[in-house]
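Chain by chain, the residues:
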Amino acid sequence: MIVGPLIPPGVGPVIVGMIIGCLMTRWIAPWALRLLAAFIQLTVAVLATVMVLPEFHLSTVSRRRDRDPPQFAYDYGAAVGWMALLIHRVVGWLLRGAARVLHAIPVAVVAVVAGVVTIAWLLDLISL
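Here is what the cut-offs are and how they apply
- Residues numbered from 1 in each chain as written.
- Predicted model: local features only at pLDDT ≥ 70, side-chain atom pairs only at ≥ 80, totals over all residues.
- Heavy atoms only, no water.
- Helix = DSSP H or I, 4+ residues; strand = E, 2+ residues; numbered from the N terminus.
- Rg over C-alpha atoms; globule rule 2.2 N^0.38 Å.
- Buried < 20%, exposed > 50% of the residue type's maximum accessible area, 1.4 Å probe, protein only.
- Areas by Shrake-Rupley, 256 points an atom, 1.4 Å probe, with all protein chains shown as cover.
- Lys, Arg positive; Asp, Glu negative; His and termini not counted.
- Salt bridge = Lys/Arg side-chain N within 4 Å of Asp/Glu carboxyl O.
- Contact = heavy atoms within 4.5 Å.
- Expected span 1.5 Å × (residues − 1).
- Bend = angle between axes of the 7 residues up to and from the residue.
- pLDDT = per-residue confidence, 0-100.
- Core = buried A, V, L, I, M, F, W, Y, C linked by side-chain atoms within 4.5 Å.

Novice: Which residues make up the overall build of the chain, and what are the values?
Specialist: Helix and strand content of the chain: 3 helices and 0 strands. When the helices and strands of the chain are listed from N to C terminus, the series reads α-α-α. In summary, the chain has a C-alpha radius of gyration of 26 Å against a globular reference of 14 Å for 128 residues, an excess of more than 25%. For the chain, the C-alpha atoms occupy an extent of roughly 100 × 25 × 20 Å along the three principal directions. Here the chain, with 128 residues, has 23% of them falling under the buried criterion. As presented, the chain carries roughly 9,500 Å² of accessible surface, and 76% of it is formed by carbon and sulfur atoms.

Novice: Can you break down the side chain of Arg26 residue by residue, with the values?
Specialist: Assignment of secondary structure puts Arg26 in helix H1 (residues 11-64). Summary of buried charges: Arg26 has no salt-bridge partner, and the nearest side chain of opposite charge, Asp124, is 29 Å away. Discounting chain neighbours no more than four positions away, the residues touching Arg26 are His103, Ala104, Ile105 and Val107.

Novice: Before we move on, can you summarise H1 with the specific residues and values?
Specialist: For H1, spanning 54 residues, the distance from its first C-alpha to its last is 76 Å, which sits close to the expected 80 Å at 1.5 Å a residue. Approximately 45° is the largest bend angle found in H1, and it occurs at Met24. Positive phi shows up at Asp66, right after H1, with a value of about 60°.

Novice: Outline unusual backbone geometry, listing residues and values.
Specialist: Despite not being glycine, Asp66 shows a phi value in the positive range, around 60°. As for its placement among the helices and strands, Asp66 is situated in the loop between H1 and helix H2 (71-104). Taking the relative accessible area as the measure of exposure, Asp66 reaches 75% and is therefore exposed. If you check the backbone angles, Asp124 has positive phi at about 60° while not being a glycine.

Novice: Please set out the confidence of the model for the chain residue by residue, giving values where relevant.
Specialist: In this model, the chain carries a mean pLDDT of 89, and residues with pLDDT of at least 70 account for 95%. Mean pLDDT across the elements of the chain bottoms out in helix H3 (residues 107-122) (91) and peaks in H2 (94).

Novice: Let's hear about H2: which residues, and what values?
Specialist: Within an α-helix, residues lying three or four positions from one another point in the same direction, as the helix has 3.6 residues per turn. End to end, H2 covers 49 Å across 34 residues, agreeing with the expected 50 Å (1.5 Å per residue, within 8%). Within H2 the residues assigned to the buried category are Ala73, Val80, Ala84, Val91, Gly92, Leu95, Gly97 and Ala99. On its buried face, H2 sits against H1.

Novice: Run through the nonpolar core, naming residues and quoting values.
Specialist: The biggest cluster of nonpolar side chains holds 5 residues, and these are Leu33, Ala37, Val91, Leu95 and Ala99. Elements with a contribution of two residues or more to this core: H1 and H2. Among the elements that line this core, the one with the most residues is H2, at 3 residues. Beyond its immediate chain neighbours, meaning those up to four positions away, Ala37 contacts Val91, Leu95 and Arg96.

The following block contains the structure:
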């Protein structure tokens, strides 16, 4: 006859904490970082498009009147495009790199850290 619980008290929450830590670090956080990178890059592209519309209008009006657009229009479009490309690359490099780093952390390391944090939380050593 077994008397008492099969799993000692406190072990269940530690196991749940380890599972949640592994899921967050290995799958959810990298996915969220890649999604955030794509959203920011799309937003930058849309903003750059909106910012170039006045230059496009000026160039179109100038060409309809058989004139060359002013050099400022070319320079403005090039500057907006350069900044959009730079932001697109930096955001992709940073966020996708962070996602790769998180995914590369060994599961055992994540499980141990998550277990220690869960135990510290259960003992009221830290508050989350």
